[in-house]
Amino acid sequence: MIIAERKPFQEIWEMIRGYERIMVVGCGTCVTVCWAGGEKEVGVLSSQLRLRAAEEGRKLNIIESVIERQCEKEMVEEIADKVREVDAVLSMGCGVGVQTIAETFEEKPVFPALNTTFMGMPEREGIWVERCAACGDCMLYWTGGICPVVRCAKGLLNGPCGGTRRGGKCEIDPDKDCAWVLIYQRLEKQGRLDLMERYYEPKNYRAVKRPGKIEAAIR
Amino acid sequence: MREKIALFLCDCHHSLKNIDFDAVREKAEKLEDVVHVGLSSALCLKEELEEMASAVREKGADRVVIAACSPRLSEPIFRNAIQEAGLNPNMLSIANIREQCSWAHEGDVTDKAIEMIRMAVSGSRSLKEIRREEIDLTREVLVVGGGRTGVRTALEISRLGLKTTLLEGTDHLHAEINDENVEVLTGATLVKVEGNVGDFSVRIKKGEEEILRRFGAIIFAEESRMVGIPTSGSKRVSGVISHDELDEMIRSETTRFETVAFLLDLHGEGFRLSTLSALRGALMVKEKRASEVYVLCKNLKVDSQGAEALYREARDRGVLFLKFDGKVKIEPLEDGRVKVKAKDVLLGDEVELTCDLVVVEEVSPPPSAEEIGPKLRVGIDSQGFYQDENVHLYPVLSRRKGIFFVGSCRGDLDPVRASMDVSSVAIEVYELLSRGKMSVEIERVKVEPDKCRSCLTCIRFCPHSAIRLTRLEEREVAQIYDPACDECGLCATVCPAKAIALSRESDDGILAQIEAMEEGRIVVFCCAESAYHAADRAGMLKMAYPSQVRIIPVPCAGRVDTLHILKAFENGATGVLVMGCPEGACRHLEGNIRARERVRYVQNMLEEMGLDGKRVKMVGLGPDMAWKFVQEVSGMMKEVGK
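Residues numbered from 1 in each chain as written. Chains lettered and ligands numbered in written order. Predicted model: local features only at pLDDT ≥ 70, side-chain atom pairs only at ≥ 80, totals over all residues.

A.B. asks: Is there a simple way to explain unusual backbone geometry in this structure?
C.D. replies: With glycine set apart, most residues show a phi of negative sign, and most peptide bonds adopt trans. Put simply, Gly159(A) and Pro160(A) share a cis peptide bond, and its omega is -5°. For Pro160(A), the location among the structural elements is in the loop between helix H7 (148–151) and helix H8 (179–189). The omega torsion across Tyr394(B) and Pro395(B) is -5°, close enough to zero to call that bond cis. Tracing the chain through its elements places Pro395(B) in the loop between helix H10 (369–376) and strand S22 (403–405). (Helix = DSSP H or I, 4+ residues; strand = E, 2+ residues; numbered from the N terminus.)

See the structure below:
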């Protein structure tokens, strides 16, 4: 899942300076689940904006809306009528959502209300952790299903680095687990410790061409 | 279709003199959708209630608003009355114009009464009918733990006519059971518990076999353990023994000792059971086997039955009690004796004892608690025992309906207290299961499947484990299991998709009340368990507080949403107070903690927006703390009021 978090209020406030009619658009998928851009957050941000506007005696009309998936043009087009009525759109989707809306309504300024941060999973309620860097060259088979690219602070492919702290913690951040200790423990459980001795060539990061594109065969 | 609202005013025997009821009536009649306004002097009397019912019927009203005394007093009879009139009992909204208006302020408060009625009328528009259903329950009980408490519990439950299964991990019970209504499974362990109150499905492993059984309730009655303290890493120090070992030694040997010390309170405050054992042991040793006997303790726990007498007897016989502070040092000597060093509080100096024997033992939770507690989501307390420390659960309830804890598995209980638990749980389980049916209000809290994003947030937040994922038309969505739900609304508040709605304290209802207020108000969200009572009490005691205060009752402080608070400010409120129970006393366990976190979040949000974060505050208070209520609302008024 894509994880994002709300931008600081001031930054959003600066973005919409000079616009009177704003549409705040949430997304019903990843960012709803990570508490950043669902219906509730749309309500909270809209309320904040109205409050601040009232404080400044400024006129501000807000339309609140949530799209099922902001990354789908067809779904984004469902708000076309409402978009026509506003001066700017404030997207509470991930970076993909913002761009899909911007692409769909080219004549409208579309602003991001979130910072898209990483792909991850919930550790427990309210806490999300990164799990995948989308490197384009997955090596999870060799590492017991634990990604050293993301979870090792140094992104080492051949670890651990020698700075592992007592209790298997990272030398850079004592609150974080050393990824390579985790990998060792996991492989041990699976009886595959021999994999620890394998040497990994530097990763071919060119596998990810920017901008990334996948052309899947029709099936 | 427009609502048809019947409004009834009560002036409580003409005693609410600071409200001009004629003026109220006149204003009320002009409110939209109000089809009837009745004025009574004692709406709670039988004749008046009948009159109210006939007015409701006559005007074809579909909901009722009553402006009278606190709903804590009269709500049940009013609900009955509107049910008599043919309405669903939930179609009632009450404006508490006596305790929280007339009695709470000096001078004329007609305007406030009118505003409160307007709030109640607005809020009443989002009332929903709640129907009741009878749900079948399994009339069988599982008792876990075949110790003294477990055996007694199983027999007691069986005596009440409920079929009981007693599960014990070892091969023997504390006492033999001759009761055909009790099935005994020894050498058996609990593998998995699914389902909820009235219908748990339990996987039990006995030998190699796995059995699947259904129970209406589960009672954990395992015994705590006594564990000796190893003192040198994992190695036992010779000369340091447990109470059982001491008993054995006295039985089998005739050795006489010079000095014996009993140690208590090595880890924080000690336990009742260890105290009793130490006192008994000290007496026995003093009498038969040793010249000098010491008991080292911090605060001696003598509140168990007989403990005080044992203590006095021990003193009379010459057992020396030493009250220490800080840590005790235990050093083995080469001759097999043990040196004990501790700081004596009375002497203010280090004391050194050379002992032949040191008896140390402390109570430890049953070994399964650590594993089963989190697995069943029933929580364990700070010392690792079952059951959260919470006044609403005392003595035997847990955060999950239908799961109970009795005896020393739930804390530091001596045998007398444990047997009181057995009686308590018997009453609870009998009330729950004896009928084999349970009348449950359906969908008091409901997930809108189309809006649910299956994010699991509500499932992770529900303090009562009443929500589960369920498959609905090829999609997995959250579903609330009505019998287990305690209607706290924490789920609705955290739902990021706004997919959960309460039938009573709905978002729409709360927001409608906020919108019906004038500007410049102090909005106080009051937990129905505590703050609402405190506010009523402030009125009863005529402790005047600012008349700008507007109270919105919520089932738990954790129900108050960021959106509710922001909307209050949008609507011109000067301050917002979220009032709930003190920490550790929330009926929904974490509700008040969630509320505190949320209020802090809103404070930061306001500061970030360039507004004053002090305009919102979380307060924890007990139901009898009227003074605190008054202090806080007055303080807020002083801070931000206009």
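More follows now that the structure is in view.
A.B. asks: Can you walk me through the nonpolar core in this structure?
C.D. replies: Nonpolar side chains tend to gather and get buried jointly when the protein is soluble and globular. All names here are of chain B. Residues Val64, Ala67, Ile117, Cys491 and Met579 are the most contacted members of the largest nonpolar core, which totals 160 residues. Counting residues per element, this core draws most heavily on helix H5 (residues 110–124), at 7 residues. Core analysis: the next-biggest nonpolar cluster, separate from the first, contains 44 residues, Val141, Val151, Val193 and Leu433 among them. (Core = buried A, V, L, I, M, F, W, Y, C linked by C-beta atoms within 7 Å. Buried ≥ 20, exposed ≤ 12 C-beta atoms within 10 Å, placed from the backbone.)

A.B. asks: What exactly am I supposed to notice about the packing of helix H6 (residues 148–159) of chain B against helix H11 (residues 415–433) of chain B here?
C.D. replies: Packed helices, taken two at a time, are described by the angle between their axes plus the distance between the axes. Residues and elements named next belong to chain B. Their axes nearest at 10 Å, the elements H6 and H11 cross at an angle of 35°. Here the hand of the crossing between H6 and H11 comes out right-handed. Here Thr149, Arg152, Thr153, Glu156 and Ile157 of H6 come into contact with H11, specifically with Ala418, Ser419, Val422, Val425, Ala426 and Val429. Here the contact of H6 with H11 is composed, by residue class, of 6 nonpolar, 3 polar and 2 charged. (Axes fitted to C-alpha atoms, helices over the stretch in contact; angles between N-to-C directions. Left-handed = near helix turned anticlockwise from the far one by under 90°. Contact = placed C-beta atoms within 7 Å. Nonpolar A, V, L, I, M, F, W, Y, C, P; charged D, E, K, R; others polar.)

A.B. asks: Help me out: how do you make sense of the domain arrangement of chain B in this one?
C.D. replies: What the domain assignment lists for chain B is domain 1 (1–130), domain 2 (136–224 + 367–433), domain 3 (242–362), domain 4 (442–487) and domain 5 (505–642). For domain 1 of chain B and domain 2 of chain B, the distance between their C-alpha centres works out to 47 Å. (Domains from an automatic or database assignment.)

A.B. asks: Looking at this structure, I do not really get the pairing of strand S10 (residues 199–206) of chain B. What am I missing?
C.D. replies: Residues and elements named next belong to chain B. Sheet analysis places strand S9 (residues 188–196) next to S10, joined by 8 bridges and oriented antiparallel. Pairing of valine 193 across the sheet is with valine 202, part of S10. Taking the residues that link successive antiparallel strands as the turn, the S9-S10 hairpin has 2 residues, and the phi of glycine 198 there is positive, at about 85°. Pairing between S10 and strand S11 (residues 209–215): 7 bridges, direction antiparallel. The residue of S11 that forms the bridge with lysine 205 is glutamate 210. Turn length for the S10-S11 hairpin, with the two strands adjacent in sequence and antiparallel, is 2 residues, and the turn residue glycine 207 shows positive phi of about 60°. (Pairing = 2+ DSSP bridges.)

A.B. asks: Please explain the domain arrangement of chain A as it appears in this structure.
C.D. replies: How big an interface is tends to be expressed through the accessible area that disappears when the partners come together. Domain boundaries in chain A define domain 1 (2–118) and domain 2 (133–207). On a C-alpha basis, the centres of domain 1 of chain A and domain 2 of chain A stand 38 Å from each other.

A.B. asks: Help me out: how do you make sense of H11(B) in this one?
C.D. replies: Because each turn of an α-helix spans 3.6 residues, side chains separated by three or four positions in sequence point in the same direction. Residues and elements named next belong to chain B. Compared with the 27 Å implied by 1.5 Å per residue over 19 residues, the 27 Å span of H11 between its first and last C-alpha is a close match. Of the residues making up H11, those classed as buried are Ala418, Asp421, Val422, Val425, Ala426, Val429, Leu432 and Leu433. Along H11, the residues classed as buried sweep out an arc of 140° about the axis, all on the same side. Turned more than 90 degrees away from the buried face of H11, the exposed residues are Val416, Ile427 and Glu431. (Expected span 1.5 Å × (residues − 1). Arc of directions from axis to C-beta.)

A.B. asks: Honestly, the interface of chain A and chain B in this entry has me stumped. Any pointers?
C.D. replies: Counting residues at the interface gives 21 residues for chain A, matched by 19 residues for chain B. Put simply, the parts of the chain that give the side of chain A that touches chain B at least two residues each are helix H1 (9–15), helix H2 (30–33) and helix H3 (39–56) of chain A. Residues that form the side of chain A that touches chain B fall into these classes: 6 nonpolar, 7 polar and 8 charged.

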